[in-house]
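These are the residues of each chain, in order.
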Amino acid sequence: MDSTLKQTLVEAIRSIPDYPKPGVMFRDITTLLGNARAFRRAVDELVHPYAGGKVDQVAGIEARGFIIGGAMAHQLSSGFVTIRKKGKLPHDTVRIAYSLEYGVDEMEMHRDAIVPGDKVILVDDLIATGGTAEAAVKLLQQMGADILSACFIIDLPDLGGRRKLEALGVNVRTLIA
Ligand code: PRP
Ligand code: ADE
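Counting of residues starts from 1 at the beginning of each chain's written sequence and follows it residue by residue. Chains and ligands are labelled by the order in which they are written, letters from A for the one and numbers from 1 for the other. Thresholds applied to this predicted model are a pLDDT of at least 70 for local features of residues and 80 or more for the giving and counting of side-chain atom pairs; totals over whole chains, interfaces and linings are not thresholded and use all residues. The side-chain values count all of the structure's non-hydrogen atoms but skip hydrogen atoms and water molecules.

Enquirer: In this structure, what is going on with the pairing of strand 3 (residues 57-61)? I would like to understand it.
Expert: The side chains of a regular strand alternate between both faces of the sheet. Only protein chains enter the calculation, and the probe is 1.4 Å; a residue is then buried if its accessible area is under 20% of its type maximum, exposed if over 50%, and partly exposed in between. Under the DSSP-based scheme used, a helix requires at least four consecutive residues in state H or I and a strand at least two consecutive residues in state E, with every element numbered from the N terminus. Taken across its five residues, strand 3 has five buried, putting it largely inside the fold. The alternating pattern of strand 3 places Gln57, Ala59 and Ile61 on one face and Val58 and Gly60 on the opposite face, and all of these are buried. With five bridges joining them, strand 3 and strand 4 (residues 79-85) adopt parallel strand pairing. Note that in strand 4 the partner of valine 58 across the bridge is phenylalanine 80. Looking down the strands as they point away from you, a crossover is right-handed if its path from the first strand over the helix to the second goes clockwise. What joins strand 3 to strand 4 is helix 4 (residues 64-76), and the crossover it makes is right-handed. Examined bridge by bridge, strand 3 and strand 7 (residues 119-127) share four bridges and lie parallel to one another. Residue pairing for strand 7: glycine 60 is matched across the bridge by valine 123. Note on pairing: two strands pair once DSSP finds at least 2 bridges between them.

Written out as structure tokens, the structure is:
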């Protein structure tokens, strides 16, 4: 990935100190999403390795992973799987608890969203501690998904999330750190 793209993405992201609680530097991608060129280039870069290949599903993590993942699924002509906070999905689900940089939560997906052997790309805007993505990987693996990679625009490397996913055998792709 060329350094001008990295620069474009870095400049498009807004940083908010002490949000949602003191000590957290919140990396706000709404400014990137509102920047047509930065948004398009980020999505293009994320789908690049899979162009022309077969991806069955992009799985996006609520909420920001839905926006990026939806755009990726369109470009890849794949389906889209929603991995949601608990209590939002109407049909039979699989659920898992996970911890965050600033709290705990549970996520779930529909049991029938993945056919065993499906080639899946997991996506979210950012990986911090990796607790969210690790839980999503475990749900997908439980359902028999073949996870091609887990993709994020932003990595917060000091928090160790990438290593957590790699320990589960998942290929991790991030655009900026
Ligand atoms: C953010 C972000 C990731 C997660 C990363 O979501 O979009 O999903 O935190 O943190 P982790 O690597 O430490 O688990 P958040 O939980 O704030 O939810 P939201 O997207 O619904 O606002
Ligand atoms: N999710 C977890 N940590 C975050 C951060 N620092 N900025 C934005 N989203 C996050």
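Here the narrative resumes.
Enquirer: Hey, could you run me through the environment of aspartate 112 in this one?
Expert: As for its placement among the helices and strands, aspartate 112 is situated in the loop between strand 6 (103-110) and strand 7. Classification of aspartate 112 by relative accessible area gives exposed; the value is 56%. Taking the C-alpha atoms as reference points, aspartate 112 and glutamate 134, separated by 22 residues in sequence, lie 20 Å from one another.

Enquirer: How should I be thinking about the side chain of glutamate 62 in this particular structure?
Expert: For glutamate 62, the position within the fold is in the loop between strand 3 and helix 4. Relative accessible area serves as the criterion here: at 15%, glutamate 62 is assigned to the buried category. Identification of polar contacts relies on pairs of N or O atoms within 3.5 Å, with a donor-acceptor requirement for protein atoms, meaning one able to donate a hydrogen and the other able to accept it, and with residues adjacent in sequence counted only if both atoms are side-chain atoms. In this structure the side chain of glutamate 62 is engaged in a polar contact, spanning 3.1 Å, whose partner is the side chain of arginine 84. In this description, contact between two residues means that some pair of their heavy atoms is separated by no more than 4.5 Å. Discounting residues that sit within four places of it in the chain, glutamate 62 has contacts with Ile83, Arg84, Lys85 and Lys88.

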